[in-house]
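Notes for the structure review
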Amino acid sequence: MNISKKDCTGCTACVNVCPQKCINMTKDREGFTYPKIDKEKCVYCNLCEHVCPIINKPVLKRHPIIYAAINSNNLIRENSSSGGVFYLLANVVLNNGGVVFGAAFSPDFRVTHIKCERPEDLYKLQGSKYVQSDLNHIFRDVKQALLRKIPVYFSGTPCQIGGLQQYLGRNYDELICQDIICHGVPSPEVYVRYIEALKKQYNAQIEKLEFRNKRKGLVQLSN
Ligand SMILES: Cc1cc2nc3c(=O)[nH]c(=O)nc-3n(C[C@H](O)[C@H](O)[C@H](O)COP(=O)(O)OP(=O)(O)OC[C@H]3O[C@@H](n4cnc5c(N)ncnc54)[C@H](O)[C@@H]3O)c2cc1C
């Protein structure tokens, strides 16, 4: 694949599209993942290059319409990193029979994208996790849902959304993509080592982890 490591965002579009399943994401020493091709299995179909959002930079076809909004529910805002609009939009999709994809903590506090089908599970996706989320093969799950005409709300970094759109290759009426403003994801390996250091320092297990906790700084709005 004709792309250097410095340009690759690790969006996984190439991994998901590969018909030979011969591309795997491998970690570097900072824990960022990059595609590695098994050249023995590769049939040089070039689909990986075809879907790469760095090789094929998306072109903005029209200027976006901008709205500003904030969730008036104090509790939802408290559990969200910004104005809690993600929760509002995701709830609408779930209540209309759709599914929501976003970043959640795994039991060992790694960050990974999951599918959420019930409003009561949305709390798992709420709140920014300031570390690169592991997408695994989630783009394939998104496509499966869209082919079954299920409404999909996919939330992620702009690089992840770029990868998803390239992988899908066309617009779907049932798909809502929501990217967050993001100037880069911190290293997953530094994060994992930090957790390990905390456990050692306090000789304890971690029960809950939050970034940018608002407990002491929430501005109350009258609902
Ligand atoms: C790595 C990162 C960097 C960011 N940088 C900025 C910034 O520079 N300036 C700024 O204004 N805002 C930034 N944000 C966005 C901001 O923190 C809020 O997430 C965003 O404004 C949405 O707020 P909310 O209250 O509506 O939803 P929230 O409940 O806060 O956000 C939940 C949504 O964020 C998604 N999400 C959480 N963590 C990740 C992750 N690691 N990767 C992909 N998606 C994730 C979830 O899937 C969910 O959909 C960043 C977020 C992340 C994750």
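Not measured: the values here are computed from a predicted model.

1. Brief notes about the packing of helix α5 (residues 138-147) against helix α6 (residues 158-168)
Axis separation between α5 and α6 bottoms out at 10 Å; the angle between their running directions is 55 degrees. Considering their axes alone, α5 and α6 lie oblique with respect to each other. Considering only the axes of α5 and α6, their crossing is right-handed. Listed contacts from α6 to Phe139, Arg140, Val142, Lys143 and Leu146 of α5 are Gln160, Gly163, Leu164, Tyr167 and Leu168. Considered class by class, the residues forming the contact of α5 with α6 number six nonpolar, two polar and two charged.

2. Things to note about the packing of aromatic side chains
For the structure shown, the criterion picks out eight aromatic pairs. Between the aromatic rings of phenylalanine 86 and tyrosine 153, the centroid separation amounts to 5.7 Å while the plane-to-plane angle is 20 degrees, which identifies the pairing as stacked. Remark: tyrosine 153 occurs in strand β5 (residues 152-156) and phenylalanine 86 occurs in helix α4 (residues 85-95); sequence separation between them is 67 residues. Under the relative-accessibility criterion, phenylalanine 86 is labelled buried at 17%.

3. Some thoughts on the environment of arginine 140
Note on placement: arginine 140 falls in helix α5. The exposure class of arginine 140 is partly exposed, given its relative accessible area of 22%. Note: C-alpha distance between arginine 140 and valine 111 (29 residues apart in sequence) is 19 Å.

4. What to know about the site of the ligand
Every one of the 28 residues lining the ligand counts as a neighbour, but Ser81, Ser128, Lys129, Ser155 and Ile181 are closest to it. Glycine 84 has a polar backbone atom sitting 2.7 Å from an oxygen atom of the ligand. A distance of 2.8 Å separates a nitrogen atom of the ligand from a polar atom in the backbone of isoleucine 181. In isolation the ligand offers 890 Å² of accessible surface; the protein chains occlude 86% of this area. Counting only elements with at least two residues in the shell around the ligand, the list comes to α4, β3 (99-105) and β5. Of the residues that constitute the shell around the ligand, the class distribution is ten nonpolar, 16 polar and two charged.

5. Some thoughts on the domain arrangement of the protein
When cut into domains, the protein gives domain 1 (74-179) and domain 2 (188-222). Distance between the C-alpha centres of domain 1 and domain 2: 22 Å. Across the domain 1 to domain 2 interface the summed buried area is about 1,500 Å²; carbon plus sulfur atoms make up 55%. Counting every contact that joins domain 1 to domain 2 gives one salt bridge. No other element matches helix α3 (residues 74-78), which puts three residues into the side of domain 1 that touches domain 2. Residue composition of the side of domain 1 that touches domain 2, grouped by class: five nonpolar, seven polar and four charged.

6. Examining the pairing of strand β6 (residues 175-179)
Sheet topology note: the β5/β6 ladder contains five bridges and is parallel. Bridged to tyrosine 153 within β6 is isoleucine 176.

7. Let's talk about the nonpolar core
Residues Phe101, Phe139, Val142, Leu146, Val152, Phe154 and Leu168 are the most contacted members of the largest nonpolar core, which totals 21 residues. When residues of this core are traced back to their parent elements, those giving at least two are α1 (13-17), β3, α5, β5 and α6. Those residues in contact with valine 152 that sit more than four places away from it in its chain are Val99, Phe101, Val142, Ala145, Leu146, Glu174, Leu175 and Ile176.

What counts and how
- Residues numbered from 1 in each chain as written.
- Predicted model: local features only at pLDDT ≥ 70, side-chain atom pairs only at ≥ 80, totals over all residues.
- Heavy atoms only, no water.
- Axes fitted to C-alpha atoms, helices over the stretch in contact; angles between N-to-C directions.
- Helix = DSSP H or I, 4+ residues; strand = E, 2+ residues; numbered from the N terminus.
- Parallel < 35°, antiparallel > 145°, perpendicular 65-115°, else oblique.
- Left-handed = near helix turned anticlockwise from the far one by under 90°.
- Contact = heavy atoms within 4.5 Å.
- Nonpolar A, V, L, I, M, F, W, Y, C, P; charged D, E, K, R; others polar.
- Phe/Tyr/Trp six-rings, centres within 6.5 Å; stacked < 30°, edge-to-face > 60°.
- Buried < 20%, exposed > 50% of the residue type's maximum accessible area, 1.4 Å probe, protein only.
- Near = heavy atom within 4 Å.
- Polar contact = N/O pair within 3.5 Å; in protein donor to acceptor, adjacent residues only side chain to side chain.
- Areas by Shrake-Rupley, 256 points an atom, 1.4 Å probe, with all protein chains shown as cover.
- Domains from an automatic or database assignment.
- Buried area = accessible area lost by both parts, 1.4 Å probe.
- Salt bridge = Lys/Arg side-chain N within 4 Å of Asp/Glu carboxyl O.
- Pairing = 2+ DSSP bridges.
- Core = buried A, V, L, I, M, F, W, Y, C linked by side-chain atoms within 4.5 Å.

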